[in-house]
2 protein chains.
Amino acid sequence: MEDIYPSRRARTARFLPRQDPVVHGEWTDGAPLSRAQAAQFEEQGYLVLEGLFEDEEIRFLQAEAGRLLGDPGALEEHTVITEPDAGEVRSIFRIHGQSRVIERLAADTRLADVARFLLGGEVYLHQSRLNYKPGFDGREFYWHSDFETWHVEDGMPRMRALSMSVLLAENTPHNGPLMLMPGSHHAFLTCIGETPEDHYLTSLKKQQYGVPDKDSLATLAERHGIAAPTGKPGSVVVFDCNIMHGSNGNITPFPRANAFLVYNAVDNGLAAPFGVDRPRPDFIATRLSPKQIIPVAGCLTQGVPA
Amino acid sequence: MEDIYPSRRARTARFLPRQDPVVHGEWTDGAPLSRAQAAQFEEQGYLVLEGLFEDEEIRFLQAEAGRLLGDPGALEEHTVITEPDAGEVRSIFRIHGQSRVIERLAADTRLADVARFLLGGEVYLHQSRLNYKPGFDGREFYWHSDFETWHVEDGMPRMRALSMSVLLAENTPHNGPLMLMPGSHHAFLTCIGETPEDHYLTSLKKQQYGVPDKDSLATLAERHGIAAPTGKPGSVVVFDCNIMHGSNGNITPFPRANAFLVYNAVDNGLAAPFGVDRPRPDFIATRLSPKQIIPVAGCLTQGVPA
């Protein structure tokens, strides 16, 4: 397969033109987003959806997150990622496969229909995780385009995926919220250098390859500025797979927590990785048995076994 | 001298009542702050002064900062503090003694008169420094009360000092701005444990003693919230010596820079430290020859030799 987004191959970084749409579906009156929302996603590369869930549903999700974080020993061991120094749990991967509640959340029409519209077809979960950034010493996530990694290390062919961050704690300006460079998704920034074997083992804690260079980041920030959407628990931040994003550390006492769902178009399933010999394991990048999502309507708390 | 603010002596933290005024001067029509500003400082423990300086003066200060940061070899070696891992300059101490421009800035009526009013008498510089938090990998400063350290390690007897941070780069919500807990200055939070010898050698890079405990910080944040004043270059953030403050790291490309001036009342000069045997050196805490500030009016750029 031809690699139209080559990265980590050259000694200098380049901005390559995006060769895929941002909004893949055609907007109609029946779309799950307003015309303005669709236009904003197209232009800015992200969208904040507020008030999607009832208080009862939010508490239900928070309780489930607490249950998962509180008993990591009950989970598949390799899916639990801890802080580099301290041992606190930072992320749990493949939560849609380990929690019926999260599986139900990902299939909810309020999320899945938006994903199906924006990606223009049927979707599956490329990745899911529960992120928990503790108060007082939450680490930063450096700037990156998700697609760069998914393409190089996972073999995702085209830009036809998106992420949804379902906030489980309040995002304030101070507790290290997600920062995005609005509009940066229109170009593909290549990264410098090659990727070592089994890079994922360390990259989940601290990224060292597939990292954008400082000059290009400065250009992007100058050109696009930085947005850091704040929101109450239950708000959902939807963002394009190629938008440049990251987050600062968090010394405030307020933790940050979200359920993170990556939807990919079924038609955009993984090929062989474009930059490494061995693809990352299935709990990070669904390859073996992608399950097409069948949207489910109704209250989250109904019909999910405890 | 009796220690009315004992800290780092016990195994549990306590909130002790503040036994000193916040605004030490009496407000009159001739005060350099409005009545509302004085009341805000009293209540909140901080104040943002905007538009004090002309553009020409701001550029003058920025150029001087660039000169100092660009040639650290020309400065007293021990006054230059670098990042823990990288070698980038993070702070330069005693800049009022190494730069005529900064000496002039500190004496400027627009700053010095505010300090003299709030502290109710003549003032001198307890400490000065140029802070530079680079873009991309600026580290955090953990929460602390300055007075706790100045009292325990420097022997500052009473709460009659304040800091002024003169912004030399824009403070945005994203580049790790100063965060304050408004109102937290009304109580003195004791820290746990004892201080090792020559603690300052490491504490300037990463504080390990004199650090507030998490439970108390959570209480303070819950009670007072967090404010992070943003501002253009030339804005001045004035804050009480006992307000709880800190800052997150900064992954944005935008550096943070400020000239930091600590004014202490001449009548509140340093005694023997209250918690260590040997006081910190003079470049961190003026002890040997405090110079009473004689306010100077007029444009900063006038009459300062290059």
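Residues numbered from 1 in each chain as written. Chains lettered and ligands numbered in written order. Predicted model: local features only at pLDDT ≥ 70, side-chain atom pairs only at ≥ 80, totals over all residues. Heavy atoms only, no water.

- Labelled according to an unreviewed UniProt entry, chain A appears under the name Ectoine hydroxylase, originating from Sphingomonas colocasiae.
- One UniProt comment on chain A, placed under Subunit (unreviewed entry), says "Homodimer." (UniProt positions renumbered as here; feature names shortened; annotations may be inferred.)

### A few points about the overall build of chain A
No. 1: Within chain A, the secondary structure is distributed over 7 helices and 12 strands.
No. 2: Whereas a compact globule of 306 residues would reach a radius of gyration of roughly 19 Å, chain A reaches 18 Å, a difference of no more than 12%.
No. 3: For chain A, the spread of C-alpha atoms along the three principal axes comes to 50 × 50 × 40 Å.
No. 4: Counting contacts in chain A only where the partners sit at least 6 residues apart, residues at least 24 apart contribute 86% of the total.
No. 5: Charged side chains in chain A number 29 positive and 40 negative. The centres of these two groups are separated by 2 Å. (Helix = DSSP H or I, 4+ residues; strand = E, 2+ residues; numbered from the N terminus. Rg over C-alpha atoms; globule rule 2.2 N^0.38 Å. Contact = heavy atoms within 4.5 Å. Lys, Arg positive; Asp, Glu negative; His and termini not counted. Charge placed at Lys NZ, Arg CZ, Asp CG, Glu CD.)

### Focus on the interface of chain A and chain B
No. 1: Of the residues lining the interface, 25 residues belong to chain A; the matching set on chain B comes to 25 residues.
No. 2: Both faces considered, chain A and chain B share a buried interface measuring about 2000 Å² in area, 70% of it formed by carbon and sulfur atoms.
No. 3: The three residues of chain A that bury the most area against chain B are Phe136, His174 and Ile251 of chain A, which together make up 35% of that side's buried surface.
No. 4: Between the two partners, chain A and chain B, sit 0 salt bridges.
No. 5: Viewed at the interface, chain B and chain A are joined by 8 residue pairs in polar contact (both at pLDDT 80 or more).
No. 6: The leading source of residues in the side of chain A that touches chain B is helix H7 (residues 214-224) of chain A, at 5 residues. (Buried area = accessible area lost by both parts, 1.4 Å probe. Salt bridge = Lys/Arg side-chain N within 4 Å of Asp/Glu carboxyl O. Polar contact = N/O pair within 3.5 Å; in protein donor to acceptor, adjacent residues only side chain to side chain.)

### Considerations on the pattern of salt bridges
Residue and element names in this part refer to chain A.
No. 1: Tallied over the entire structure, the rule returns 32 salt bridges over all chains.
No. 2: Ionic pairing is found between Glu57 and Arg110, a salt bridge with its closest N-O pair at 2.6 Å. Of this pair, Glu57 sits in helix H2 (residues 55-70) while Arg110 sits in helix H4 (residues 109-119), and the two are 53 residues apart along the sequence.
No. 3: Judged by relative accessible area, Arg110 falls into the partly exposed class, the value being 22%. (Buried < 20%, exposed > 50% of the residue type's maximum accessible area, 1.4 Å probe, protein only.)

### Some thoughts on helix H4 (residues 109-119) of chain B
No. 1: Buried within H4 of chain B are the following residues: Leu111, Ala112, Val114, Ala115, Phe117, Leu118 and Leu119 of chain B.
No. 2: Taken from the residues just after H4 of chain B, Gly120 of chain B is the one with a positive phi, measuring 65°.

### Thoughts on a negative patch on the surface
No. 1: A contiguous patch of negative charge, built from Glu88, Asp137 and Glu140 of chain A together with Glu88, Asp137 and Glu140 of chain B, is present on the exposed surface.
No. 2: With respect to the element layout, Glu88 of chain A can be found in the loop between strand E3 (80-82) and strand E4 (89-93).
No. 3: Classification of Glu88 of chain A by relative accessible area gives partly exposed; the value is 34%. (Patch = residues over 30% accessible without salt bridge, like charges linked within 9 Å, V, L, I, M, F, W, Y side chains within 5 Å. Areas by Shrake-Rupley, 256 points an atom, 1.4 Å probe, with all protein chains shown as cover.)

### Some points on the sheet that holds strand E6 (residues 141-144) of chain A
Residues and elements named next belong to chain A.
No. 1: Spatially, 3 strands are ordered E6-E11-E8 in an open sheet, and the strand pairing comes out antiparallel. Among the strands making up the open sheet, the edge pair consists of E6 and strand E8 (178-180). The average angle at which neighbouring strand axes cross in this sheet is 20°, direction not considered. (Pairing = 2+ DSSP bridges. Axes fitted to C-alpha atoms, helices over the stretch in contact; angles between N-to-C directions.)

### Points about the relation of the copies chain A and chain B
No. 1: It takes a turn of 180° to lay chain A on chain B, together with a shift of 0.0 Å along the axis; the resulting RMSD is 0.0 Å. What the superposition gives is, in effect, a two-fold axis relating one chain to the other. Scanning chain A for the C-alpha nearest the rotation axis identifies Gly249 of chain A, at a separation of 2.9 Å.
No. 2: A share of 100% of the interface residues of chain A reappears at the interface of chain B, consistent with the copies meeting face to face through the same patch. (Least-squares fit on C-alpha atoms with pLDDT ≥ 70 in both.)

### Focus on the state of the cysteines
No. 1: Summed over all chains, the structure comprises 0 disulfides over all chains.
No. 2: Counting only cysteine sulfurs, Cys241 of chain A is the nearest neighbor of Cys191 of chain A, a cysteine outside any disulfide, at a range of 14 Å. (Disulfide = S-S within 2.5 Å.)

### What about the side chain of His185 of chain A?
All names here are of chain A.
No. 1: One can find His185 in the loop between E8 and strand E9 (187-189).
No. 2: Under the relative-accessibility criterion, His185 is labelled buried at 0%.
No. 3: Looking at His185, its side chain comes within polar contact range of the main-chain nitrogen of Gly45, at 3.5 Å.
No. 4: Setting aside chain neighbours within four positions, we find His185 in contact with Arg18, Val22, Phe41, Glu42, Glu43, Gln44, Gly45, Asp240, Asn242 and Ile243.

### What about the packing of aromatic side chains?
No. 1: Here the structure, examined in full by the defined rule, presents 10 aromatic pairs over all chains.
No. 2: Residues Tyr5 of chain B and Phe188 of chain B carry aromatic rings whose centres are separated by 5.2 Å and whose planes lie at 55° to one another, so their mutual orientation is tilted. Of the two residues, Tyr5 of chain B is situated in the segment before strand E1 (15-17) and Phe188 of chain B in strand E9 (residues 187-189); the sequence distance between them amounts to 183 residues.
No. 3: Look at Phe239 of chain B and Phe260 of chain B: their rings are 5.8 Å apart centre to centre, the planes differ by 55°, and that puts the pair in the tilted class. Taken together, the residues Phe239 of chain B in strand E10 (residues 236-240) and Phe260 of chain B in strand E12 (residues 256-265) connect sequence positions 21 residues apart.
No. 4: In textbook terms, an aromatic cluster arises when at least three aromatic residues are bridged by ring pairs, as seen for Tyr5, Phe147 and Phe188 of chain A.
No. 5: It is Arg90 of chain A that lies over the ring of Phe141 of chain A; its NZ or CZ is 4.1 Å from the centre.
No. 6: The ring of Phe15 of chain A has Arg223 of chain A lying over it, and the distance from NZ or CZ to the ring centre is 5.4 Å. (Phe/Tyr/Trp six-rings, centres within 6.5 Å; stacked < 30°, edge-to-face > 60°. Lys NZ or Arg CZ within 6 Å of the ring centre and 35° of its normal.)

### Observations regarding the sheet that holds strand E3 (residues 80-82) of chain B
Residues and elements named next belong to chain B.
No. 1: Strand order across the open sheet formed by 7 strands is E2-E10-E7-E12-E5-E4-E3, with antiparallel pairing between neighbours. Of all the strands in the sheet, just strand E2 (46-49) and E3 have a single pairing partner and so form its edges. In this sheet, adjacent strand axes meet at a mean angle of 20° when their direction is disregarded.
No. 2: Taken together, the 5 bridges between strand E7 (residues 161-167) and E10 define a ladder with antiparallel strand orientation. Each residue of the ladder has a partner; that of Met164, found in E10, is Val238.

### Focus on unusual backbone geometry
No. 1: Backbone geometry places Arg8 of chain A, a non-glycine residue, at a positive phi of 55°.
No. 2: Here Arg8 of chain A lies in the segment before strand E1 (15-17).

### Examining the pairing of strand E4 (residues 89-93) of chain B
All names here are of chain B.
No. 1: Within E4, 5 of the 5 residues are buried, which leaves the element mostly enclosed by the surrounding structure.
No. 2: Where E4 lies against strand E5 (residues 123-133), 3 bridges are found, and the strand directions are antiparallel. Residue pairing for E5: Phe93 is matched across the bridge by Arg129.

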